[in-house]
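Chain residues, written in single-letter form:
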Amino acid sequence: MAQKADLHIHTKHSDGRLTPAEAVEWAVEKNLSVISITDHDTYEGYFEAKEMADEAGIACIPGVEITTNFRSRECHLLAYNFETDTNYLADFLNKQKRARKDRIKGIIATLKSKGVEVDYDEVWAEANGANMGRPHLARVMVDKGYAGNVNEAFIRYLSDKQLGNIDNSYPDYKKVIEIVKNVGGAILVAHPGRMYNENEVEEFIASGIDGLECIHPSHNWETQKKFTEICEKNSLLMTGGSDCHDSMGSGYSHFGVVTIATKHVDKMLRMTEQRKKIVDIKN
């Protein structure tokens, strides 16, 4: 049986519903060989998951989904197998946490102009110390009766289309590519199919991106095939995963279903271990 990996999992350290321990437990249930906890702008969940994953015989790779700016739009990049014990990366992600708070405040102000009354403190409480994101805001909106569920909140109020441009202090994507490479990690574009056209993907490639997330719940077979061919043509890394934000027992989930073969993980690990030998790791 082919070994499977899920390299896109969110936990309660950002806007997911799983604890890191539950993510490992679910990975065991789904017969996964490799996982990566990729919370938004934090990798704290990795440390919680790693020991339990080791005991379960599952490889747990350091990961984080970093928020950046690309052509004045919010852009998400996935970083993997970087050196975790550096102030350089930790200090950068602390700045990201502040930037996420500022962006939530901007979104709340936009919603208020449309008659939606939500306070920052309500979202802060919902996040419960985690890195704040739109799903936390969506849950508050559901509790207050503005939407029947989180998906409806996004469709009616919180999608990029509905919100328009919200000022933020996220760094340029090229800077983030540099930061991740400085700690020996791989850096890839998250869910490109729903975000970027071919010219924009070429711009990422020209800027030194290491690869693309080819397998994602938002990618149909044709989209997966297109990005796989782009990666093969340009000798780029390929990753994939469920982008899970669910809790265990929440019904159908992409967790353990939307996966990627571990041969692609092995290629990424070889590349990053070589990079760590070459670069002067920033501390």
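Just so it is clear, the structure is predicted and the values come from calculations on it, not from any experiment. (Residues numbered from 1 in each chain as written. Predicted model: local features only at pLDDT ≥ 70, side-chain atom pairs only at ≥ 80, totals over all residues. Heavy atoms only, no water.)

Chemist: So what exactly am I meant to see when it comes to the overall build of the protein here?
Modeler: From N to C terminus, the protein includes 11 helices and 9 strands. Across its three principal axes, the protein shows a C-alpha extent of roughly 50 × 40 × 40 Å. A total of 283 residues make up the protein; the buried ones form 52% of that total. Counting only contacts in the protein whose residues sit at least 6 apart along the sequence, the fraction spanning at least 24 positions is 73%. Taken as a whole, the protein presents about 12900 Å² of accessible surface, with 45% of it coming from carbon and sulfur. Computed over 35 positive and 43 negative side-chain charges, the inter-centroid distance for the protein is 4 Å. (Helix = DSSP H or I, 4+ residues; strand = E, 2+ residues; numbered from the N terminus. Buried < 20%, exposed > 50% of the residue type's maximum accessible area, 1.4 Å probe, protein only. Contact = heavy atoms within 4.5 Å. Areas by Shrake-Rupley, 256 points an atom, 1.4 Å probe, with all protein chains shown as cover. Lys, Arg positive; Asp, Glu negative; His and termini not counted. Charge placed at Lys NZ, Arg CZ, Asp CG, Glu CD.)

Chemist: Looking at this structure, how should I read the sheet that holds strand β7 (residues 211-215)?
Modeler: Whenever strands of a sheet pair, they do so through backbone hydrogen bonds, lying parallel or antiparallel. In space, the 5 strands of this open sheet follow the order β4-β5-β6-β7-β8, with mixed pairing throughout. The open sheet has two edge strands, β4 (63-70) and β8 (237-240), and neither has a second partner. Looking at each pair of strands side by side, their axes are set apart by 40° on average, direction ignored. Contacting β4, β5 (73-80) and β6 (186-189), helix α8 (residues 173-182) runs over the sheet at an angle of about 150° to β4. (Pairing = 2+ DSSP bridges. Axes fitted to C-alpha atoms, helices over the stretch in contact; angles between N-to-C directions.)

Chemist: What should I look at first to understand the packing of aromatic side chains in this one?
Modeler: The geometry of an aromatic ring pair is captured by two quantities: the separation of the ring centres and the angle between the planes. With the rule as written, the count across this model stands at 9 aromatic pairs. Ring plane angle 70° and centroid distance 5.0 Å describe the contact between Y196 and F204, whose orientation is recorded as edge-to-face. Neither Y196 nor F204 differs from the other in exposure class; each is buried. Linked through ring pairs, Y43, Y46, F47 and F82 together constitute an aromatic cluster. (Phe/Tyr/Trp six-rings, centres within 6.5 Å; stacked < 30°, edge-to-face > 60°.)

Chemist: Even after reading the chapter, I still don't get the pattern of salt bridges, so can you show me in this structure?
Modeler: Pairing between side chains of opposite charge can happen when the charged atoms of each approach one another. Using the criterion set out here, one finds 14 salt bridges in the structure. A salt bridge links E200 to R71; the nearest nitrogen and oxygen atoms lie 3.4 Å apart. In this pair, E200 is assigned in helix α9 (residues 198-206) and R71 in the loop between β4 and β5, connecting sequence segments 129 residues apart. A residue is classified by how much of its surface remains accessible, and E200, at 6% relative accessible area, is buried. A salt bridge links R103 to E74, with the shortest nitrogen-to-oxygen separation between them at 2.5 Å. Taken as a pair, R103 in helix α3 (residues 87-112) and E74 in strand β5 lie far apart in primary sequence, 29 residues in all. Looking at R103, the relative accessible area reads 7%, which means it is buried. (Salt bridge = Lys/Arg side-chain N within 4 Å of Asp/Glu carboxyl O.)

Chemist: Looking at this model, I keep getting lost on the side chain of D210. Mind explaining?
Modeler: As for its position among the elements, D210 is in the loop between α9 and β7. Given a relative accessible area of 11%, D210 falls into the buried group. In terms of polar contacts, D210 uses its side chain to reach the side chain of R275, at 2.7 Å. Excluding residues within four positions of it along the chain, D210 makes contact with K181, G185, A186, I187, L236, L237, M271 and R275. (Polar contact = N/O pair within 3.5 Å; in protein donor to acceptor, adjacent residues only side chain to side chain.)

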